[in-house]
Amino acid sequence: MIVTTVAAITFGYIGSQYFTRNIMYIIGGGMIGVGAVAYVITPGTKQKPTHTQPKEPAKTTRH
């Protein structure tokens, strides 16, 4: 998490020095879009498992 934050700050600083303001806005908008799509799409690992086999009835024994 810390490495990602440092990388984002570094990229923002270097980008603001070498790119124009409009290009930085486009990059920022694209990153917001990627984050929104990643938030909306649910990963397959979080889905509840579906049981396809029917349950067997309880066995009763008579004495």
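Residues numbered from 1 in each chain as written. Predicted model: local features only at pLDDT ≥ 70, side-chain atom pairs only at ≥ 80, totals over all residues. Heavy atoms only, no water.

Describing the overall build of the chain
At step 1: From N to C terminus, the chain includes 2 helices and 0 strands.
At step 2: Looking at the chain residue by residue over its 63 residues, the buried ones come to 3%.
At step 3: Entry remark: accessible area of the chain is about 6700 Å², with carbon and sulfur atoms responsible for 66%. (Helix = DSSP H or I, 4+ residues; strand = E, 2+ residues; numbered from the N terminus. Buried < 20%, exposed > 50% of the residue type's maximum accessible area, 1.4 Å probe, protein only. Areas by Shrake-Rupley, 256 points an atom, 1.4 Å probe, with all protein chains shown as cover.)

A word on a nonpolar patch on the surface
At step 1: Together, Phe11, Tyr13, Ile14, Tyr18, Phe19 and Ile23 make up an exposed nonpolar region whose accessible area comes to about 680 Å².
At step 2: Per-element tally for the nonpolar patch: the top contributor is helix α1 (residues 2–18), with 4 residues.
At step 3: Relative to the assigned elements, tyrosine 18 resides in helix α1. (Patch = residues over 30% accessible without salt bridge, like charges linked within 9 Å, V, L, I, M, F, W, Y side chains within 5 Å. Salt bridge = Lys/Arg side-chain N within 4 Å of Asp/Glu carboxyl O.)

Some words on the environment of glycine 12
At step 1: Note on placement: glycine 12 falls in helix α1.
At step 2: Judged by relative accessible area, glycine 12 falls into the partly exposed class, the value being 26%.
At step 3: Between the alpha carbons of glycine 12 and methionine 24 there is a distance of 8.2 Å; along the sequence they are 12 residues apart.

A few points about helix α2 (residues 21–40)
At step 1: Between its first and last C-alpha atoms α2 spans 29 Å; for 20 residues at 1.5 Å apiece the expected length is 28 Å, and the two agree.
At step 2: Little of α2 sits out of view: just 1 of its 20 residues are buried. (Expected span 1.5 Å × (residues − 1).)

The values are spatial; any link to function lies outside them.
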